[in-house]
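Observations on chain architecture
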Amino acid sequence: MSLAQKLMDRVETYAAQMVEAQEKLVAVPALGPDNGGQGELAKALLVEDWLRELGLAIERVDAPDHRVESGLRPNLVARLQGGPGPARWALSHLDVVPTGPLEQWTSDPWRLRVEGDKLYGRGVLDNHGGLLASFFGLKALLEEGVAPAGAAGLVMVSDEETGSQYGLDHVLKARPDLIGPQDLVVIPDAGEDDGLFIEVAEKSILWLKVEVLGKQVHGSTPQDGVNALYAAARMMVAVREMYGRFSQSDPVFAPPVSTFEPTRKDAGVSNINTIPGKDVFYVDCRVLPEIDLARVEAAFAERFQEIAGQEGAQVRISAEQRLQAPPATPADAPVVRALAQAIQTVKGEPAKPGGVGGGTVAAYFRKRGLPAAVWCTWPHTAHMPDEWCSLRNLLDDAKVFALLFAGV
Ligand SMILES: [Zn+2]
């Protein structure tokens, strides 16, 4: 029997243990203080016990945070020595998001409910799925007596859902030597429901607030005022001109181009017979990483000023969010190739690397020159009421991690 088959068979025996682990994890709500919780320490201690039972070398890279009773946000690093190959890392997170209104849940979100292949509860997918898949993948190597191809590491961080300042960002700043540019970093915290999508790139995000100021007058005398709504409407129409000004295309993304869309609009005057003197709207731009966001902002300013000038209005533009995406992980980077090979073995189908329109924690690695890939089987139930994950997916994802760690 091949080594890969031995590891996959071993993982297959973990089904009951995975359900039991989910039961324990779901019962410890790990909410950060920004979400009204006491942080992740109780959950970290639970997981630390499991890591210790496996015989892994454990290091805590905690971040101080006086807002929680324990005064700290735990970050776990667990390592196993391996062969001469590059180190392989799986990064998952301990914290979860709040439940939202309880009446939208079929059962208690903090108590695991099992229905056939589906496990329900807050955090079962995001991110217990990734945490357990990587944990049980490594466990399979240990129980089969297989040495990892390179050092194997599990990093389990706090604060992923509320900014990563006390989590991944802290770990990478406190231990800049921990992970090197040759290492393979996989983040099992997003993907597609067939488990074949490997995220290697993200677009930059620019959210603009546009305040248009005119002069408010009675609806019967528009000639005495400046209609801010009319000027804003012209600007909203002009937003899509940016598709032509920044028309570069990159097939790694879907859609392959940068996008520029007016989205939110604040309420203006509440009555019909007033010419509005102020109007506020917002623009959501998702921009290919190679385009400098400063150029996009300058293009909007120029065009909106032009319209404002024509209308006798004034315009103020500010960025509500400005995240310049780091360079992409190459679609043929070693981590992508190793991951794709393991996925092919487990699922019998080729994986496809691609980009996404939103930010992921992979950016923390990529901006430090560490090529990271985001992957797992992801049924898009994260943050929702009745969040669920599939036990079948969990087993298959653990097999992928076992093969990745073993380098087969
Ligand atoms: Zn997550």
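Please read these numbers as outputs of a predicted model, since none were measured by experiment. (Residues numbered from 1 in each chain as written. Predicted model: local features only at pLDDT ≥ 70, side-chain atom pairs only at ≥ 80, totals over all residues. Heavy atoms only, no water.)

1. Quick notes on the overall build of the protein
Going by this rule: Every helix listed is a DSSP run of H or I at least four residues long, and every strand listed is a run of E at least two residues long, numbered separately from the N terminus. Only protein chains enter the accessibility calculation, which uses a 1.4 Å probe. A residue is then buried if its area is under 20% of the maximum for its type, exposed if over 50%, and partly exposed in between. Any two residues having at least one pair of non-hydrogen atoms within 4.5 Å are treated as being in contact.
Helix and strand counts for the protein stand at 11 helices and 19 strands. In terms of its C-alpha atoms, the protein occupies a principal-axis envelope of roughly 85 × 45 × 40 Å. Expressed as a percentage of the 408 residues in the protein, the buried residues total 53%. Across the protein, every contact between residues at least 6 apart in sequence was considered, and the portion connecting residues at least 24 apart equals 79%.

2. Regarding the sheet that holds strand S15 (residues 278–287)
Quick note on the threshold: Note: two strands are recorded as paired if DSSP finds a minimum of 2 bridges between them. Every axis in this analysis is a line fitted to C-alpha atoms, fitted for helices over the stretch in contact. Angles between the N-to-C directions lie between 0 and 180 degrees.
If you walk across this open sheet you meet the 4 strands as S13-S15-S11-S16, and the pairing is antiparallel. In this open sheet, the two edge strands, each paired with only one partner strand, are strand S13 (259–265) and strand S16 (314–323). Along the sheet, successive strands turn relative to each other by an average axial angle of 25°, direction set aside. Pairing of strand S11 (residues 204–213) with S15, which is carried by 10 bridges, proceeds in the antiparallel orientation.

3. Considerations on the packing of helix H6 (residues 228–239) against helix H8 (residues 293–311)
Short version of the rule: Here is the rule for handedness: rotate from the far helix to the near one, and if that takes an anticlockwise turn smaller than a right angle the crossing is left-handed, while a clockwise turn gives right-handed. Amino acid classes used here: Ala, Val, Leu, Ile, Met, Phe, Trp, Tyr, Cys and Pro are nonpolar; Asp, Glu, Lys and Arg are charged; the rest, including Gly, are polar.
It is the contact of H6 with H8, at a shortest axis distance of 10 Å, that shows an interaxial angle of 150°. You can see that H6 and H8 cross each other, and the crossing is right-handed. For the pair H6 and H8, the contacting residues are Tyr 230, Ala 231, Arg 234, Met 235, Ala 238 and Val 239 in the first and Phe 300, Arg 303, Phe 304, Ile 307, Ala 308, Gln 310 and Glu 311 in the second. Of the residues contributing to the contact of H6 with H8, the split by class is 9 nonpolar, 1 polar and 3 charged.

4. Observations concerning the domain arrangement of the protein
This is how the line gets drawn: An automatic or database domain assignment supplies the residue ranges for each domain. As used here, buried area is the combined drop in accessible area, with a 1.4 Å probe, of two parts when they are placed together. Definition used for salt bridges: Asp or Glu carboxyl oxygen within 4 Å of a side-chain nitrogen of Lys or Arg. Identification of polar contacts relies on pairs of N or O atoms within 3.5 Å, with a donor-acceptor requirement for protein atoms, meaning one able to donate a hydrogen and the other able to accept it, and with residues adjacent in sequence counted only if both atoms are side-chain atoms.
Per the domain assignment, the segments making up the protein are domain 1 (3–201 + 326–406) and domain 2 (204–323). Between the C-alpha centres of domain 1 and domain 2 there is a distance of 39 Å. Contacts between the two partners involve 10 residues from domain 1, matched on the other side by 6 residues from domain 2. Of the roughly 480 Å² buried between domain 1 and domain 2, counting both surfaces, carbon and sulfur atoms make up 64%. Contact with domain 2 buries surface across domain 1, with Ala 201, Gly 355 and Gly 357 losing the most and accounting together for 51% of the total. There are 0 salt bridges connecting domain 1 and domain 2. At the boundary of domain 1 with domain 2, the tally comes to 2 residue pairs in polar contact (both at pLDDT 80 or more).

5. Here's the deal with the coordination of the zinc ion
Worth spelling out the cut-off: The rule for donors is simple: an N, O or S atom within 2.8 Å of the metal counts, and for Na, K and Ca the reach is 3.2 Å. Water is not among the atoms, so a site may look short of donors. The geometry test gives tetrahedral to four donors whose angles all lie between 85 and 135 degrees, gives square planar to four donors and octahedral to six donors whose opposite members are over 155 degrees apart with all other angles between 65 and 115, and gives irregular to the rest.
Here the zinc ion is held by the protein donor atoms His 93 (NE2), Asp 126 (OD), Asp 189 (OD) and Asp 189 (OD), which lie 1.9 to 2.6 Å from it. For the zinc ion, the 4 donor atoms are set out with angles of 53 to 146° between them, so the coordination reads as irregular. Donor residues for the zinc ion, ordered by position in the chain, follow H-x32-D-x62-D. Placement of His 93 in strand S5 (residues 85–93) and of Asp 189 in the loop between strand S9 (184–187) and strand S10 (197–202) is noted, with a sequence separation of 96 residues between them. Residue Asp 189 is classed as buried on the basis of its relative accessible area, which comes to 13%.

6. Observations regarding the packing of helix H2 (residues 15–26) against helix H4 (residues 128–144)
Put simply, the rule reads: Each angle is binned into one of four classes, with values under 35 degrees roughly parallel, values over 145 roughly antiparallel, values of 65 to 115 roughly perpendicular, and all other values oblique.
Running from N to C, H2 and H4 cross one another at 140°; their axes reach a closest spacing of 11 Å. In terms of orientation, H2 lies oblique with respect to H4. The crossing of H2 and H4 is right-handed. Across from Gln 17, Met 18, Ala 21, Gln 22, Leu 25 and Val 26 in H2, the residues of H4 making contact are His 128, Leu 131, Leu 132, Phe 136 and Lys 139. Partitioning the contact of H2 with H4 into residue classes produces 7 nonpolar, 3 polar and 1 charged.

7. Notes on unusual backbone geometry
Note the cis peptide between Asp 126 and Asn 127, where omega equals 15°. With omega at 0°, the peptide bond leading from Ala 254 into Pro 255 counts as cis. Its place among the elements puts Pro 255 in the loop between helix H7 (242–245) and S13. One non-glycine residue, Asp 159, lies in positive phi territory at about 60°. Along the chain, Asp 159 turns up in the loop between strand S8 (150–157) and helix H5 (168–174). What makes Asp 159 buried here is its relative accessible area of 1%.

8. Digging into the packing of aromatic side chains
Quick note on the threshold: Under the pairing criterion, centres of Phe, Tyr and Trp rings, with the six-membered ring standing for Trp, must be within 6.5 Å; the plane angle then separates stacked pairs below 30 degrees from edge-to-face pairs above 60, leaving the rest tilted. Geometrically, a lysine NZ or arginine CZ counts as sitting over a ring once it is within 6 Å of the ring centre and also within 35 degrees of the ring normal.
The final tally for this structure, using the stated rule, is 10 aromatic pairs. Residues Tyr 14 and Phe 136 carry aromatic rings whose centres are separated by 5.3 Å and whose planes lie at 45° to one another, so their mutual orientation is tilted. Of this pair, Tyr 14 sits in the loop between helix H1 (3–12) and H2 while Phe 136 sits in helix H4; the two residues are 122 residues apart in sequence, bridging distant segments of the chain. Each member of the pair Tyr 14 and Phe 136 is classed as buried. Note on Trp 50 and Phe 135: the rings are 6.1 Å apart at their centroids and 50° apart in plane angle, and the pair reads as tilted. With Trp 50 in helix H3 (residues 41–53) and Phe 135 in helix H4, this residue pair connects regions lying 85 residues apart in the sequence. A connected cluster of aromatic rings, assembled from ring pairs, spans Tyr 243, Phe 246, Phe 260, Phe 281, Phe 300 and Phe 304. Its guanidinium or amino end placed over the ring of Tyr 120, Arg 113 lies 4.1 Å from that ring's centre, counting from NZ or CZ.

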